[in-house]
Amino acid sequence: MAGHVLVIEDEPNIIEAIKFILSREGWNVATHSNGEDAADVVRAKSPDVLILDVMLPGRSGYDILRELRGDAATQALPVLMLTARGQTKDREMAESAGASRFMTKPFSNAEVLEAVRALAPA
Amino acid sequence: MTGPTGTEDGTVVRPNRRSAEKIPLFVERQTYRRRRLVDAARALPVLGVLLWLLPLLWAVPSEPTSASTGLIYVFSVWLGLPVIVGVLIRAMHRRSDSPDPEDEP
Amino acid sequence: MTTLNALASISVLYVLFLFGVAFFAERASRRGRATWLRAPIVYTLSLSIYCTAWTFYGAVGSAARNGFEYLTIYLGPSLVLIGWWWVLRKLVRIGRVQRITSIADLISSRYGKSNLLGVGVTLLAVIGTTPYIALQLQSVTLSVEVFNLATPGGAEEQSTAFWVAVGLAVFTVIFGTRNLDANERHHGVVMAIAVEAIVKLTALMAVGIFVVWGIAGGVSETLTRIDASELGNWEVNGGRWAGLMFLSAAAFLCLPRMFQVMVVENDNDPQLRMAAWAFPLYLMLMSLFIVPIAVVGLDVLPAGSNPDLFVLTVPLAYGQNALALLSFLGGFSSATSMVIVAAIALSTMVSNHIVMPIWLRMNEGMASVSGDVRYVVLLSRRLSIAGVLSLGYLYYAQSGGGAALSVIGLVAFTGVAQVLPAMLGGIFWRGATRVGALAGLTVGFVVWLYTLYLPSFGAGVIMPLSLFETGPFGIGWLKPEALFGISGIDPLLHAVIWSMSLNMVAFFVASLASFPSPLERLQGAQFVNIQQGTGGTRSWSQGVAEAEDLMVMAQRILGATDAQALFLREARRQGSETHLPAPTPEFLQILERELAGSVGAATAHAMVGQIVGGMSVSVEDLMAVADETAQMMEYSATLEAQSQELSRTAAQLRAVNDKLTRLSVQKDAFLSQISHELRTPMTSIRAFSEILRDGEGITPDEQSKYSSIIHDEAIRLTRLLDDLLDLSVLENGQVSLNLVDGKLEDVLDRAAAAALAHDDKRGLEIQRDWTGEQVWLNTDTERLSQVFINLISNARKYCDAPQRVLEIRVTSGDALMIDFIDNGSGVAPEAQDVIFEKFSRVSDQKAGGAGLGLAISRQIVTRLGGEISYLSGERGAAFRVILPLNHALAAQ
């Protein structure tokens, strides 16, 4: 049943948490923590679901997402965006950049799991 | 990465709350020596007073001290103390290249 | 036997030689070749004016009469110099920084430039010194008489004393009032005194060597002879031994002539450092042969010979005329050098504290338009010198040159020692007040007059006999030599104990009970904290002074050339186009200090006050002065930068604009930044606590790991909240500073230890400036150390050099500058002006920080009255913290 999830996030503790939650349910989780080469990593790994943080060192999550959406290979990739800035503006930014789901930190584990399940292609 | 940033992290120790235990117990050798030299300079006049008041204890009428002994004692102290002062000042200056190492009240 | 004429011509030749020395030294100093004049050895030798004719002749007399007590007179000063670290070091620094011209000026200046105190100390000094001058004249007369036994006669004696007094007055006027420059130093006089110091030491030692090896036949024979004499047993009166040692130490510090050579003529610290060991040795050598000479004199000369003259009569008795002549010159040197310096010191005091204030009062409001002040000052000095010497001569003539004079030495010592509590209290205790000093001096002076000075003329001369026997009006406990019914003490000791202790009690109690004026508090802080820096007194609020008036006045006091140079220099510094500087508070302060060097602090203050108007100064005024000065400096700096290059100004404006734009973006982002910084740790905490709560599929290892993550993140969150609270408190100005005195070195020690406590093997070498850090600050050291911790931690975290080195440089001038410079690649130019903003984050690199450190640091430093800035142009990241050196001094 399980698919591949790629987590791009720079806080090691948050990576650890997401990885634990998803692995426990049987997902294969890969992680990456730098924004600059994130798009290349996505293309290389071609995950089923991408979890993408907004505030990344090197490059912003919005930027990366826009690039992915412009690329035919990743145009339809389900992307769950995470942000710690909880303003409406941020939600709009995420939507316009092409996020499939948007989630504000702190999140509950069940929410993340549910979102990944929903986003994963059947 | 664009180099150092103007931020600092959460390891700030707020001295008014936590740094009581952070005052260094020991200073480096040079500073230590200099402080002890200053202590010596402070103590010298006290030593001088003590040494020069000592002759008062000799004034026992039953067994008088001879004048020559008294004079030799007083003048020996008089030669010794300035020599020590001179050595101290010299040492203070050798230990520091600054124009005035005595800036310690 | 040497005839009187030969003696007179030898004396004249010797005096001419001294004139030559003084003249040569004065000329060399004016040509700027004065390095050797300021040599430590010259300073050390000049201190020898402590040894007057009273020493040269009187020590032997004292030893012959009272045994070993004479030693205490030289042991006391030796102790003062051996303990130079305590008092002298501080005193000479205060003297140099505050341009003190006399001991009266020191007391006056310390206690709010009070002229009343200046007058009091001056009177005390004149009363204490006049008999002393008379004593010198007497000693010269007596020594001449020794050579001239054939013709004893009243008239001739008197004329010797008269001509000596006239000669000394001429010498002192010529070399003592030659120049009226700001530093009030007399190179010619000091050089002549140094030469005289050598002459008297050589003379006394020559007589001593003759006595020990020539007469007694060697050291051991001399010692045997001493033990066999009436001085054979070591007998000292314990009370007098200790009391005289204290008294001579006190007098050494307070005698006007000693203050003159020791503090006023002091030029640099090395001078004192040499004197600290060399002068005690000089005193030791001066005292070494006293007992042998006394013992041999008592032995070989007929009974009833005056032991005060053994130094002369012993060589003469053995036909050693040349040696006797040398000895005569030694005594002559001792007498003349004392009189010259005492006259200079007293005339400065009389002129600055009595004549000038009266003259000013008479010419109220006219300081800028009436007669030539420079001429008035010089004239009043010259007249004062003549006056002081006339007083001395009259005293001598009146007392008839009798034995009464020989006791006057210690009486005078006790008198001048009354200044000691006010002086030491003034330089060590900020709580000492003008009222306290006045009370102490008055009480001490009155007790001294009553118990010692007046009785010293003998019972029945000034004080009626009945007073000594039954007390005034029959009040027994007020008997002059048995106060409070305590009798049986040696009269001198009695007077010393009561005058000094009542003086101290009055000084202390009155200081505690009174409240000092702002100016007193400011001066007190400056004197007590002299090591902290060299800030002057800020004492003029911006007044209505006209620069021209000030110029006219300054020219009259400093002389046209010097005054114009000073004004021009200040005008340049202010950036003024004209030759006249604006009468800013800062300028007035500099001017006042320059004038103080010529006419004393109180007079200078009064003169500037007449022109500027508004004599009262409140703490608010002082604060305003400080503020204005700072603004002025900023303003003129900006102007200078603008005039240099117009395009640079434009660039600056653009930069400011950019900064504002970026700031506004940052302001907008502030809330979302806080949100982000708070939510990130909360995310981890929530996620892991849910994991732990669910509890399924966790190994014990994972469980403990996750618990510790939660713990760490919770701490991070707390710290962040602390920082935010800190910043908001600082920004709203609600913080209360805990001002304490602390040394910069200690603050940096603490900060370095704390910042490197969590060091993560990356290592950071800190290069410190140990000597520069020996600066005392009155500041909130806890907060300051917080700033230093931030700066050091930043270097540790962001310096990108392989071998991290952080250099901490300290520069003190008007303010204290502490630079933190690392060897990394520094902050990018476009980021330099925003790094002090909240949450400013130049790189995207996660360094675990919230970006509040520098913002907090800036707030703290601003609260402490300083500033923090980024230094561009250094090799790495460089931060400069500027702190005011006198911060909060006025606030105490």
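Residues numbered from 1 in each chain as written. Chains lettered and ligands numbered in written order. Predicted model: local features only at pLDDT ≥ 70, side-chain atom pairs only at ≥ 80, totals over all residues.

1. Re the overall build of chain A
- Within chain A, the regular secondary structure consists of 5 helices and 5 strands.
- Counting helices and strands in the order they occur from the N terminus, chain A gives β-α-β-α-β-α-β-α-β-α.
- Taking all 122 residues of chain A together, the buried fraction comes to 43%. (Helix = DSSP H or I, 4+ residues; strand = E, 2+ residues; numbered from the N terminus. Buried ≥ 20, exposed ≤ 12 C-beta atoms within 10 Å, placed from the backbone.)

2. Concerning the overall build of chain C
- The secondary structure content of chain C amounts to 34 helices and 7 strands.
- Of all 892 residues assigned to chain C, the portion counted as buried reaches 52%.
- Across chain C, every contact between residues at least 6 apart in sequence was considered, and the portion connecting residues at least 24 apart equals 80%. (Contact = placed C-beta atoms within 7 Å.)

3. Looking at the pairing of strand E7 (residues 878-884) of chain C
All names here are of chain C.
- Most of E7 sits inside the fold, with 5 of its 7 residues counted as buried.
- One ladder, built from 7 bridges, connects strand E5 (residues 815-822) with E7; its direction is antiparallel. Bridge pairing in E7 links Ile818 to Val881.
- Two strands pair when backbone bridges link them, and strand E6 (residues 867-870) and E7 are joined in this way by 4 bridges, in the antiparallel orientation. Note on E7: the bridge partner recorded for Tyr870 is Phe879. (Pairing = 2+ DSSP bridges.)

4. Some thoughts on unusual backbone geometry
Residue and element names in this part refer to chain A.
- The residue after Lys105, namely Pro106, is reached through a cis peptide bond having omega -5°.
- Within the secondary structure, Pro106 is located in the loop between strand E5 (101-104) and helix H5 (109-119).
- A positive phi angle, close to 30°, is found at Ser46, a residue other than glycine.
- On the secondary structure map, Ser46 appears in the loop between helix H2 (38-45) and strand E3 (49-53).
- The exposed category is assigned to Ser46, around which 12 C-beta atoms lie within 10 Å.

5. Re the interface of chain C and chain A
- Across the boundary between the two partners, chain C contributes 19 residues, which contact 20 residues of chain A.
- Counting only elements with at least two residues in the side of chain C that touches chain A, the list comes to helix H30 (646-694) and helix H31 (700-731) of chain C.
- Of all the elements, H30(C) adds the most residues to the side of chain C that touches chain A, at 13 residues.

6. Side note on the sheet that holds E5(A)
Residue and element names in this part refer to chain A.
- Spatially, E2-E1-E3-E4-E5 is the arrangement adopted by the 5 strands of the open sheet, whose pairing is parallel. For this open sheet the edge positions go to strand E2 (28-32) and E5, each flanked by a neighbour on one side alone. Pairs of neighbouring strands in the sheet enclose a mean axial angle of 20°, with direction left out of account.
- Where strand E1 (residues 4-8) meets E2, 5 bridges bridge the pair, whose relative direction is parallel. Of the residues in E2, the one forming a bridge with His4 is Asn28. (Axes fitted to C-alpha atoms, helices over the stretch in contact; angles between N-to-C directions.)

7. Observations regarding the UniProt feature "modified residue: 4-aspartylphosphate" (unreviewed entry) in chain A
All names here are of chain A.
- What UniProt calls "modified residue: 4-aspartylphosphate" (unreviewed entry) maps, in this numbering, to Asp53.
- Mapped onto the secondary structure, Asp53 falls in strand E3.
- Ignoring anything within four residues of it in the chain, the contact list for Asp53 reads Ile8, Glu9, Asp10, Gly61 and Leu82. (UniProt positions renumbered as here; feature names shortened; annotations may be inferred.)

8. So, the nonpolar core
- Among the nonpolar cores identified, the biggest contains 199 residues, and C:Ile107, C:Cys254, C:Ile293 and C:Val419 are the most heavily contacted of them.
- Those residues in contact with C:Ile107 that sit more than four places away from it in its chain are C:Leu117, C:Gly118, C:Val121, C:Val419, C:Ala422, C:Met423, C:Gly426 and C:Ala437.
- Among the nonpolar cores identified, the runner-up in size contains 44 residues, and A:Ile8, A:Ile18, A:Ile51 and A:Ala94 belong to it. (Core = buried A, V, L, I, M, F, W, Y, C linked by C-beta atoms within 7 Å.)

9. What about the confidence of the model for chain C?
Residue and element names in this part refer to chain C.
- Per-residue confidence for chain C averages 78 on the pLDDT scale, and 77% of its residues sit at or above 70.
- Per-element averaging of pLDDT across chain C places helix H29 (residues 619-644) at the bottom with 50 and helix H5 (residues 72-82) at the top with 92.
- Contacts of residues 844-848 to residues separated by more than four positions or lying in other chains number 14 contacts, the stretch itself having pLDDT below 50.
- A low-confidence stretch, residues 887-892 stays under pLDDT 50, and its non-local contacts, those more than four residues away or across chains, total 18 contacts.
- The complex model carries a pTM of 0.59, and its ipTM stands at 0.89. (pLDDT = per-residue confidence, 0-100.)

10. Thoughts on the environment of C:Met504
All names here are of chain C.
- Along the chain, Met504 falls in helix H23 (residues 491-513).
- Take Met504: there are 18 C-beta atoms within 10 Å of it, and that puts it in the partly exposed class.
- On a C-alpha basis, the gap between Met504 and Gly440 in space is 6.0 Å, while along the polypeptide they are 64 residues apart.
- If near-sequence neighbours (up to four positions away) are discounted, Met504 is found in contact with Pro421 and Gly440.

11. Structural notes on the sheet that holds E7(C)
Residue and element names in this part refer to chain C.
- With respect to topology, 5 strands assemble into an open sheet ordered E2-E4-E5-E7-E6, the strand pairing being mixed. Each edge of the sheet is formed by a strand with only one pairing partner; in this case those strands are strand E2 (765-767) and E6. Strand-to-strand, the axes of this sheet are offset by a mean angle of 15°, without reference to chain direction.
- Across the sheet, helix H33 (residues 781-798) lies against strand E4 (805-812), E5 and E7, angled at about 20° from E5, the strand it touches most.
- Seen against the sheet, helix H34 (residues 853-863) touches E6 and E7 and runs at an angle of roughly 140° to E6.

12. Notes on H31(C)
- For H31(C), which comprises 32 residues, the first-to-last C-alpha distance of 47 Å matches the rise-based estimate of 46 Å (1.5 Å per residue) to within 8%.
- Turning to H31(C), its buried residues are C:Tyr706, C:Ile709, C:Ile710, C:Glu713, C:Arg716, C:Asp723 and C:Asp726. (Expected span 1.5 Å × (residues − 1).)

13. A word on the packing of helix H32 (residues 744-755) of chain C against H33(C)
Residue and element names in this part refer to chain C.
- Interhelical geometry of H32 versus H33 gives an angle of 45° and a closest axis separation of 8 Å. Judged by the angle between their axes, H32 and H33 are oblique. Between H32 and H33 the crossing geometry is right-handed. Touching Val747, Leu748, Arg750, Ala751, Ala752, Ala754 and Ala755 of H32 are Thr781, Leu784, Ser785, Phe788, Ile789, Ile792, Ser793 and Arg796, all from H33. (Parallel < 35°, antiparallel > 145°, perpendicular 65-115°, else oblique. Left-handed = near helix turned anticlockwise from the far one by under 90°.)

14. Describing the environment of C:Gly873
- Within the secondary structure, C:Gly873 sits in the loop between E6 and E7.
- Residues C:Gly873 and C:Pro829, spaced 44 residues apart in sequence, show a C-alpha to C-alpha distance of 9.7 Å.

15. Looking at the environment of C:Leu391
- Looking at the secondary structure, you find C:Leu391 in helix H18 (residues 373-399).
- In sequence terms C:Leu391 and C:Ile133 are 258 residues apart; their C-alpha atoms lie 8.6 Å from each other.

16. So, helix H26 (residues 560-574) of chain C
All names here are of chain C.
- With 15 residues, H26 extends 21 Å between its outermost C-alpha atoms, agreeing within 8% with the 21 Å of an ideal straight helix rising 1.5 Å per residue.
- For H26, the set of buried residues is Ala563, Leu566, Phe567 and Glu570. Viewed along the axis of H26, the buried residues span an arc of 95°, placing them on a single side of the element. In H26, those exposed residues whose orientation departs by more than 90 degrees from the buried face are Ala560, Thr561, Ala565, Arg569 and Arg572. (Arc of directions from axis to C-beta.)

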